[in-house]
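Residue-level structural notes
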Amino acid sequence: MKSPYILHFREVGIKDVARVGGKNASLGEMIQHLVPQGVRVPDGFVVTADAYREFLSKTNLGAFIRTALKGVDTGNLKDLARRAASIRTAIKKMPFPAAIEASIRTAYREFSARYGSTALTAGGRNTDVAVRSSATAEDLPGASFAGEHDTFLNIRGEDAVIVAVRAAMASLFTDRAISYRVDRGFDHLKVALSVGVQKMVRSDLHGSGVMFTVDTESGFKDLIIVNGAWGLGEMIVQGEVTPDEFLVYKGMLGRAKDPIISKSLGVKREKMVYAEGTGIKKTKVIPTSALERGSFVLTDCEVLTLAEWGVKIEEHYTKLHGKWTPMDTEWAKDGRTGELYIVQARPETVQAGRDFSKVTEYVLEGIGLPAGKAGKPLVKGASVGSKVVVGPVRIIRDVKDIGNFKKGEVLVTTMTDPDWEPIMKIATAIVTDKGGRTSHAAIVSRELGIACIVGTENATKVLRTGQLVTVDTTGSEGLVFDGKLKFSVREHDIRKLPKPKTKIMVNIATPDAAFEKSFLPAEGVGLAREEFIIAGEIGIHPNALIAYQNKKLTDRKLKTAIETRMVGWKDAEQFYVDKLAYGIAKIGAAFYPREVIVRFSDFKTNEYRTLLGGELFEPKEENPMLGWRGASRYYHPAFAAAFALECRAMKKVRDDMGLVNVTPMIPFCRTVEEGKKVCAVMAKHGLDRRKDKRLKVYMMCEIPSNVVLADEFLDVFDGMSIGSNDLTQLTVGIDRDGSNLVRGIADERDESVKQLIAQVIAVCRRRKKYIGICGQGPSDYPDFAEFLVEAGIESMSLNPDTVVQTVLLVAKKERERGKKK
């Protein structure tokens, strides 16, 4: 006779949430429907919610729990802890009714007999299992109990399984779980707990991690994020390590040769592995080796396999729920077999419910700058959420001290786990030393809508309790500033905005901001500067990397510094190509298929000298603004090899990643002959318009010679983008990096500059070639934007914070022009 207390994963699906909980129902759903599609999921069985309810009713634990929680105040942390502890102790000490215990023992015995020594791991009759809680209201869209209840790993033997199952049930009454249910209006006794007993994947011998099928910060739908670290996956969730991170562009999966658009090596100093001993705690944390710290957990091929599985899982659940359902999954790689597995999957609950028609901007008052440009930050880390908040710091290093925390403070700590949640929900912001974007602090903050910065390494050392700070998470890099910065919040409904005939595009500085900015009402990116990627992601002069690769560097200190920066890569030149390509690709993917115009490097010599090794390769110039910059570098023998790396990166983005919407642009091209030389160099390195008919090459129009000889330049290039900053300084003779004594004499609104701009617009229009503007002018001066509309500009590329207001301005101007005609 079949036991009512046990079900096998293969017997359950989403329809069975009430009996087996969300986690177990999802595992069963995948085993039934996705394993046949090639997705690997470890098998197991479920101790049902019926068993839990009967356990509580037949032992009178239910009545005890109701009495213990009567009138509970989750704000009184000491009283909450006392009540919760008494319930957990009672559950752990109470024997199961005989029928329930016998069913669990029989199920485990039969499950162990299936494995022996030939499956995931050797284990004989006592195979190793993970014992995971699964609440009946868990993992449903709109509610996430992720991390609220306990998991026990490497459990062997019938007795240990019984103890672990009971402990998992007791975890329904941790402080944080009780607090969570109270906050969300769940009745404590109507939320039951089933327990999954799942075959362990020997990820302690390799690695594991988390995969999201959506960008967890921006909500960008076409991104898959794969995080990974060595050993068992608890270290990532607990925030003990900063994991490796891989970004895969969904739109090119199965279409492009390499849709991995970013790879970053994590800080993986420790790992969790199996441990010997008695009881149910059979794991330990040990240091990783130097080789592990310097290596990625996954190969590119494995990342793509997981991404393909992620898409299949998302597609299945989207169909199941009848609406877009991004997924939060956990993966593991078995170190003995080398096989990948999905060990959990649940709907992502934050971005799935977001209204993407609303765009919220945080702007510093008075100067109109995006938040984040207000002096040197005290602390930096990975940002979670997108907002600016102000509050006093409270440093808490141990969970036993959380009673000192006050509502509205900025929680600063080493890391968090579920025991911290009673105070996390009343924090203005959370800043941690450790952890990545999939750590506990990040997950909970995201769900609660709290600004959070993780992985700062030094927040608890730099900040001090009582210090008033401004926390800015509007960019990919979270920043903490001293004091209270003034800012305003603007919300726009993009559905109500007009669509002008003039294309409004956006300038993107840092690649990680591109996903969030992709929701702006912009028709593409009019300017993405390689300099931001080179300085921020690479930080090394390309010629220094080439010299290192060719064993021509003699400076030992410099060599060591280069090796430190390129950990994870063996080839120095490939490091440069990959990092540059990843930065470009993030922007290209975020706006695909809209055009993304990427300007090749335009560092001046003084700027290149600030890069690691730069002083060895750059001359000192009296006026770098008019010196060796832009196009003149690309064909010069002293820089041609470095430019070849830029071409390789661009080719990788277009050819390997499939992002053909990316258009390269040449800056500061002084003569027509120079333009021809650069195009020839590009063709030599694979960017050849004769072979790739989709490839276009634009030039910056920023020198008066570009306007005077516009027709001749357009014989070489496919279009122009006006750089109003340089064009202004070279027309009116004002060094834009020079003295304030002359800077106020004229700007791009000077009549001489406007005549040049009107002239080149007319030529490009006549030649039917692209003409846009990507300089600062239209962002700073609304009247200048109006002039551009009058002159017939094809597109304006603006700073992100001025896109909405310029859309309104341009649409109004176009309507007025229409009435005049």
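Look above for the structure.
Secondary structure summary: the protein chain contains 30 helices and 30 strands in total. Dimensions along the principal axes, computed over C-alpha positions, put the protein chain at roughly 95 × 55 × 50 Å. Relative to its full complement of 821 residues, the protein chain shows a buried share of 59%. A separation threshold of at least 6 residues defines the contact pool for the protein chain, and within that pool the share at least 24 residues apart is 69%. Element-wise, carbon and sulfur atoms account for 51% of the exposed surface of the protein chain, whose accessible area totals about 32,300 Å². Between the averaged position of the 120 positive side-chain charges in the protein chain and that of its 104 negative side-chain charges there is a distance of 2 Å.

Turning to its location among the elements, His206 is positioned in the loop between β5 (193-199) and β6 (207-212). When near neighbours in sequence (up to four residues on either side) are disregarded, His206 contacts Trp230, Gly231, Val297, Lys333 and Gly335.

Applying the stated criterion to the full structure yields three cavities of 30 Å³ or more. Considered as a void within the structure, the largest cavity measures approximately 200 Å³ in volume. Taken together, 20 residues make up the lining of the largest cavity; nearest its centre are Arg132, Ser203, Gly233, Ala332 and Val343. Looking at the lining of the largest cavity, the elements that each hand over two or more residues are β3 (129-135), β5, β6, α8 (234-237) and β12 (327-333).

Moving on, we come to the sheet that holds strand β26 (residues 662-666). Sheet architecture is closed into a barrel: eight strands sit in the order β23-β24-β25-β26-β27-β28-β29-β30, paired in parallel fashion. This sheet shows a mean twist of 30 degrees between the axes of neighbouring strands, independent of strand direction. Two strands pair when backbone bridges link them, and strand β23 (residues 503-508) and strand β24 (residues 524-529) are joined in this way by three bridges, in the parallel orientation. Note on β24: the bridge partner recorded for Ile508 is Ala528.

Right, let's talk about the packing of helix α15 (residues 530-538) against helix α18 (residues 572-591) for a bit. Running from N to C, α15 and α18 point in directions that differ by 125 degrees, and their axes come no closer than 9 Å. One finds that α15 runs oblique with respect to α18. You can see that α15 and α18 cross each other, and the crossing is right-handed. From α15, Glu530, Ile533, Ile534, Glu537 and Ile538 reach across to α18, where they touch Phe575, Tyr576, Lys579, Leu580, Gly583 and Ile584. In the contact of α15 with α18, the residues fall into seven nonpolar, one polar and three charged.

A separate point is the packing of helix α16 (residues 542-549) against helix α21 (residues 640-656). The relative placement of two packed helices is expressed as an angle between their axes plus a distance between the axes. Where α16 contacts α21, the two axes come as close as 9 Å, and the packing angle between them is 100 degrees. One element, α16, and the other, α21, form an angle in the roughly perpendicular class. Counting all contacts with α16, which are made through Pro542, Asn543 and Ile546, the residues of α21 involved are Ala641, Ala642 and Leu645. Across the contact of α16 with α21, the residue classes break down as five nonpolar, one polar and no charged.

What follows is about the pairing of β3. Where burial is concerned, most of β3 is hidden: seven out of the seven residues are buried. Sheet topology places β3 next to strand β4 (residues 151-155); three bridges connect them, and they run antiparallel. By the bridge assignment for β4, Arg132 is matched with Thr151. Across seven bridges, the pairing between β3 and β5 is antiparallel. Bridge pairing in β5 places Val129 opposite Lys199.

Of all hydrophobic cores here, the largest spans 143 residues; its most connected members are Ile261, Ile342, Ile666, Met720, Ile722 and Met796. Tallying contributions element by element places α18 first for this core, with 13 residues. Sequence-distant contacts of Ile722, that is, excluding residues within four places in its chain, are made with Cys701, Leu727, Ile757, Val760, Ile761, Ile771, Gly772, Ile773, Cys774, Gly775 and Ile793. Within the second largest apolar cluster, 48 residues are counted, among which are Ile6, Val72, Ile91 and Val165.

On inspection of all chains with the given rule, the structure shows 17 aromatic pairs. With a centroid separation of 6.3 Å and 80 degrees between ring planes, the pair formed by Trp628 and Phe639 is classed as edge-to-face. With Trp628 in the loop between α19 (605-608) and α20 (631-634) and Phe639 in the loop between α20 and α21, this pair connects stretches of sequence that are eleven residues apart. Its relative accessible area of 1% is what places Phe639 among the buried residues. Aromatic ring contacts, followed pair by pair, group Phe246, Phe296, Trp569 and Phe575 into a single cluster. The ring of Phe296 has Lys263 lying over it, and the distance from NZ or CZ to the ring centre is 4.8 Å. In this arrangement the basic side chain of Arg633 is found over the ring face of Phe639, its NZ or CZ atom lying 4.4 Å from the centre.

This paragraph deals with the sheet that holds β6. Strand pairing in a sheet relies on backbone hydrogen bonds. The paired strands run either parallel or antiparallel. Taken together, the six strands give an open sheet; going across it, the order is β9-β8-β7-β6-β12-β13, and neighbouring strands pair in antiparallel fashion. Edge strands, defined here as strands with exactly one partner in the open sheet, are β9 (260-264) and β13 (340-347). Between one strand axis and the next, the sheet turns through 15 degrees on average, direction left out of account. Inspection of the sheet shows strand β7 (residues 223-230) paired to strand β8 (residues 244-249) by six bridges, in the antiparallel sense. Among the inter-strand pairings, Asn227 is bridged to a residue of β8, identified as Glu245. Of the strands in this sheet, β6, β7, β8, β9, β12 and β13 touch helix α10 (residues 300-321), which is tilted by about 35 degrees from β13. Contacts from α18 reach β8 and β9 within the one sheet, and its direction differs from that of β9 by about 130 degrees.

This part takes up the pattern of salt bridges. If charged atoms from side chains of opposite charge come close, those side chains can pair. As enumerated under the stated definition, the model contains 51 salt bridges in all. Residues Asp159 and Arg105 are paired through a salt bridge, measuring 2.8 Å at the closest nitrogen-oxygen approach. Of the two residues, Asp159 sits in helix α6 (residues 158-170) while Arg105 sits in helix α5 (residues 98-115), which places them 54 residues apart along the sequence. Among the residues examined, Asp159 registers a relative accessible area of 51% and is labelled exposed.

Turning our attention to α5. When the terminal C-alpha atoms of α5 are compared, their 27 Å separation across 18 residues agrees well with the 26 Å that a helix rising 1.5 Å per residue should span. Within the sequence span of α5, burial applies to Ile100, Ser103, Ile104, Arg105, Ala107, Tyr108, Phe111, Ser112 and Tyr115.

As a volume, the second largest pocket reaches approximately 990 Å³. Asp150, Thr151, Glu234, Gln238 and Pro418 are, among the 38 residues lining the second largest pocket, the residues nearest its centre. At the level of secondary structure, the elements contributing two or more residues to the lining of the second largest pocket comprise β4, α8, β11 (283-287), β12, β13 and α12 (440-448). For the lining of the second largest pocket, a count of residues per class yields 13 nonpolar, ten polar and 15 charged.

This next bit is on unusual backbone geometry. A cis geometry characterises the amide bond from Tyr592 onward to Pro593, with omega recorded as 5 degrees. With respect to the helices, strands and loops of the structure, Pro593 is situated in the loop between α18 and β25 (595-599). In this structure, Phe668 takes a positive phi of about 45 degrees despite not being glycine. Mapped onto the elements, Phe668 comes out in the loop between β26 and α22 (672-684). The phi dihedral of Lys768 is positive, around 55 degrees, even though this residue is not glycine. Relative to the elements of secondary structure, Lys768 occurs in the loop between α27 (751-767) and β29 (770-773). Judged by relative accessible area, which is 76%, Lys768 ranks as exposed.

Rules and cut-offs
Residues numbered from 1 in each chain as written. Predicted model: local features only at pLDDT ≥ 70, side-chain atom pairs only at ≥ 80, totals over all residues. Heavy atoms only, no water. Helix = DSSP H or I, 4+ residues; strand = E, 2+ residues; numbered from the N terminus. Buried < 20%, exposed > 50% of the residue type's maximum accessible area, 1.4 Å probe, protein only. Contact = heavy atoms within 4.5 Å. Areas by Shrake-Rupley, 256 points an atom, 1.4 Å probe, with all protein chains shown as cover. Lys, Arg positive; Asp, Glu negative; His and termini not counted. Charge placed at Lys NZ, Arg CZ, Asp CG, Glu CD. 1 Å grid on protein atoms, 1.4 Å probe; cavity = no way out; pocket = protein on both sides within 12 Å on 5 of 7 lines; lining within 4 Å. Points joined across faces, edges and corners; volume = space filled by probe spheres on them. Pairing = 2+ DSSP bridges. Axes fitted to C-alpha atoms, helices over the stretch in contact; angles between N-to-C directions. Parallel < 35°, antiparallel > 145°, perpendicular 65-115°, else oblique. Left-handed = near helix turned anticlockwise from the far one by under 90°. Nonpolar A, V, L, I, M, F, W, Y, C, P; charged D, E, K, R; others polar. Core = buried A, V, L, I, M, F, W, Y, C linked by side-chain atoms within 4.5 Å. Phe/Tyr/Trp six-rings, centres within 6.5 Å; stacked < 30°, edge-to-face > 60°. Lys NZ or Arg CZ within 6 Å of the ring centre and 35° of its normal. Salt bridge = Lys/Arg side-chain N within 4 Å of Asp/Glu carboxyl O. Expected span 1.5 Å × (residues − 1).

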